[in-house]
Every structure is written in structure tokens, then in C-alpha cells.
Amino acid sequence: MYNILEAPFLREVCGAAANLYRLGWDERNGGNISVRLDRELAGRYLSGAVRSRTELGFDVSPLAGELFLVTGSGKYFKNVADCPQNNLGILRIGEDGHTLELLWGFEDGGRPTSELPTHLLNHMERMAVDPEQRVVVHSHPTNTVAMTFVHPLEERTFTRTLWRMSTECIVVFPEGIGVLPWMVCGNLEIGQATAAKIRETRAVIWAAHGVFGVGKDLDEAFGLIETVEKAAEIYMKIGEHAILQSITDQELSSLCAAFGITPRAGYLEFV
Ligand code: 13P
Ligand code: ZN
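Here's a quick rundown of the structure. Values in this document were obtained by computation on a predicted structure and should not be read as measured data.

## Quick notes on the site of ligand 1
And step 1. Around ligand 1 sit Asn29, Gly30, Gly31, Asn32, Ser73, Gly74, Thr113, Ser114, Glu115, His138, His140 and His209, and those are all the residues in its vicinity.
And step 2. With respect to ligand 1, the backbone of glycine 31 contributes an N or O atom lying 3.0 Å from an oxygen atom.
And step 3. When ligand 1 is considered free in solution it has 310 Å² of accessible area, and contact with the protein chains removes 93% of it.
And step 4. In the shell around ligand 1, the residues fall into no nonpolar, 11 polar and 1 charged.

## Some details on the environment of glutamate 155
And step 1. Along the chain, the position of glutamate 155 falls in helix 7 (residues 155-165).
And step 2. For the pair glutamate 155 and leucine 180, spaced 25 residues apart in sequence, the C-alpha to C-alpha distance is 8.8 Å.
And step 3. Residues contacting glutamate 155, with those up to four places away along its chain left out, are Ile177, Gly178, Val179, Lys197 and Tyr267.

## Description of the pattern of salt bridges
And step 1. Using the criterion set out here, one finds 16 salt bridges in the structure.
And step 2. For the salt bridge of glutamate 40 with arginine 44, the shortest nitrogen-to-oxygen distance reads 3.2 Å.
And step 3. On the accessibility criterion, glutamate 40 (56% relative accessible area) is exposed.
And step 4. Arginine 160 is the salt-bridge partner of glutamate 269, the closest N and O atoms lying 3.5 Å from each other.

## Section: the pairing of strand 8 (residues 203-206)
And step 1. In strand 8, alternate side chains face the same way, and those of Ala203 and Ile205 on one face and Val204 and Trp206 on the other are all buried.
And step 2. Of the strand pairs in this sheet, strand 7 (residues 178-180) and strand 8 are connected by 3 bridges, and their pairing is parallel. Among the inter-strand pairings, leucine 180 is bridged to a residue of strand 8, identified as tryptophan 206.
And step 3. Hairpin connection of strand 8 to strand 9 (residues 210-215): 3 residues between the antiparallel strands, including alanine 208 at a positive phi of 55 degrees.

## As for the environment of threonine 227
And step 1. Mapped onto the secondary structure, threonine 227 falls in helix 10 (residues 218-238).
And step 2. By relative accessible area, threonine 227 is classed as buried at 7%.
And step 3. Along the sequence, threonine 227 and serine 166 sit 61 residues apart, while their C-alpha atoms lie 8.7 Å from each other.
And step 4. With near-sequence residues (within four places) excluded, threonine 227 lies in contact with Glu168, Cys169, Val172 and Phe173.

## Observations concerning the packing of helix 6 (residues 142-150) against helix 10
And step 1. One way to put it is that helix 6 packs onto helix 10 with a least axis distance of 8 Å and a crossing angle of 55 degrees. As judged from the angle between their axes, helix 6 and helix 10 are oblique. As for the relative orientation of helix 6 and helix 10, their crossing is left-handed in sense. Packed against helix 6, whose contacting residues are Thr142, Asn143, Thr144, Ala146, Met147 and Val150, the element helix 10 presents Val228, Glu229, Ala232, Glu233, Tyr235 and Met236 at the interface.
And step 2. Of the residues in the contact of helix 6 with helix 10, the class split is 7 nonpolar, 3 polar and 2 charged.

## Thoughts on the packing of helix 7 against helix 10
Each pair of packed helices gets described by two things: the angle between the helix axes and the distance between those axes.
And step 1. Two elements in contact, helix 7 and helix 10, have axes whose closest approach is 8 Å; the angle formed by their N-to-C orientations is 85 degrees. Judged by the angle between their axes, helix 7 and helix 10 are roughly perpendicular. The residues of helix 10 that touch helix 7, namely those facing Thr161, Leu162 and Met165, are Val228, Ala231, Ala232, Ile234, Tyr235 and Ile238.

## A look at the sheet that holds strand 5 (residues 99-105)
And step 1. A sheet is described by the order of its strands in space; here 9 strands give the open sequence 2-5-4-3-1-6-9-8-7, paired in mixed fashion. The open sheet is flanked by strand 2 (52-55) and strand 7, the only strands paired with a single partner. Shown here is a sheet whose adjacent strand axes are inclined to one another by a mean of 20 degrees, direction ignored.
And step 2. Bridging between strand 8 and strand 9 involves 4 bridges; their strand directions are antiparallel. Bridge pairing in strand 9 places isoleucine 205 opposite valine 211.

How each quantity is defined
Residues numbered from 1 in each chain as written. Chains lettered and ligands numbered in written order. Predicted model: local features only at pLDDT ≥ 70, side-chain atom pairs only at ≥ 80, totals over all residues. Heavy atoms only, no water. Near = heavy atom within 4 Å. Polar contact = N/O pair within 3.5 Å; in protein donor to acceptor, adjacent residues only side chain to side chain. Areas by Shrake-Rupley, 256 points an atom, 1.4 Å probe, with all protein chains shown as cover. Nonpolar A, V, L, I, M, F, W, Y, C, P; charged D, E, K, R; others polar. Helix = DSSP H or I, 4+ residues; strand = E, 2+ residues; numbered from the N terminus. Contact = heavy atoms within 4.5 Å. Salt bridge = Lys/Arg side-chain N within 4 Å of Asp/Glu carboxyl O. Buried < 20%, exposed > 50% of the residue type's maximum accessible area, 1.4 Å probe, protein only. Pairing = 2+ DSSP bridges. Axes fitted to C-alpha atoms, helices over the stretch in contact; angles between N-to-C directions. Parallel < 35°, antiparallel > 145°, perpendicular 65-115°, else oblique. Left-handed = near helix turned anticlockwise from the far one by under 90°.

This is the structure:
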């Protein structure tokens, strides 16, 4: 059996947590990460013994037997790399589709992130769209959150503003951005509401809270969040200034044509 502390999937999560902390997007215990592991690869690092079983309280049968590396609830991202065995855990979804089996980690008695319902339901939705999608990241990027106080939350309007803030946005998220109004977090209800959106948009913003981004790997999910946050930062920076010019719908349309991208139908004025 290989040393799990050297496993590439574990090192990548440690790196992402450290970066998110340094960016100032995941203060204190803010943010959480889950990675659906390649079962064969993960098996080389695990004894297979189940340390504990808990009832999930909802059904995720399509994920039965899947392994997830997840951050712990109340754990600080700044500490993940120094002590992965306390701050991270590897869980398997039981064959019944609603039991959590702890295979590794949370050694100081921790438990998975409180946003586990949203993570698991997002994995379920994205797996159905694309089996290669393995990563869900939740973060509290400052400008993205700030924008939800001063910009209408209607998704088309919100998406169009982001698209116009930075040229690469429409290329990175041509399907647009999902936005949820403020809700109580850490429960199944917000998980279901997020998952219903993540089917169509790979990033979903929670007003006055943060964002969820998904991707095939950490680079993709993190990169999506970075792109949203960069556009939100530009929006917040120019907020007080008179805007003299911006990217027009005609220009966004030519950009899509140049990159072979189809923007969300009806989002551009004349497409
Ligand atoms: P956890 O510490 O339970 O992961 O919660 C952090 C968070 O961002 C809640 O939305
Ligand atoms: Zn949060």
C-alpha cells in the first residue's frame, strides 16, 4: 500500500486549499472541496477498512460505491496542507446509497463539511452530464459576494454583466451563471436548489455567501471560480466610475464565433 500523504489527489487538494486561503477567499473555515476519486487509484492508498458508518439522511444511490476526498467541517483551509489527516477525510457512499463510510482521515474526530448535501447532489448532477466531472469547490470570493449586494440577481442580467467585464468570461462560461437568493446554508434544501441549477451552469452563486464551481479536475473548478471572481472584481472596481465603453453584444458574439462557442440561448440581445 502506498503512502496516502504522497497521493497526487491529496497533494492537489492541499495545494488548492492553501491557494484559496492565500487569495483571502476562504477565511477561517470558509469554503469546502470535494473530489470524486478514481476508485482503482485510491484503492492503492487505502486499507479498505471502514472506520465508521453514518446515515446521510438523503439518497444518493447513483453515487453508491463512489469515493470522495472532502474537507472537514469547521476546518481552516490554511491548516489543510500541514495536517491533511485531521482536516480531510475519504468517504465511500455505501451500496444502499445513503450511508457514509469513513475510510481515512478526520483523525481528530472531525466530520465532513456541512455543505456535503450540496457537494454530493452536485456530483450526482454533473456525473450524469459528464462522467469526467470529479471536482466541486465552494468558496467565498470577496468580489463575487460583494456583487450580490449591488447587482440584480436575475441570472441572465448577472451573467451578461460578468461576460462584459472581461473578454475571457463568455469563453470560460458560455452557459452562464446560476444565482440563488440568500438561503440558510449547510442543509439539503440549499443543496437541492444548487444542484437543480448546476445541471446547466457549472458555477452557482449564493447571494451574500459565495460560489460553487465544478469541473473535471481542481484546475478547472478553481479556474472557473477565478474567472467569475476576476470579472466581479472589475465590476466592483468600476462601480463608482462613469463607464465610457464596454464589450458590446456584437463583440461577444464575434468572440464566440472566433472560439467556436455557443452562448446560452437568449442571453445575447440579438442572437
Ligand atoms: P464547513 O466548515 O462546514 O465546510 O463550512 C464552511 C462553509 O463555507 C459553509 O458554507
Ligand atoms: Zn460557505
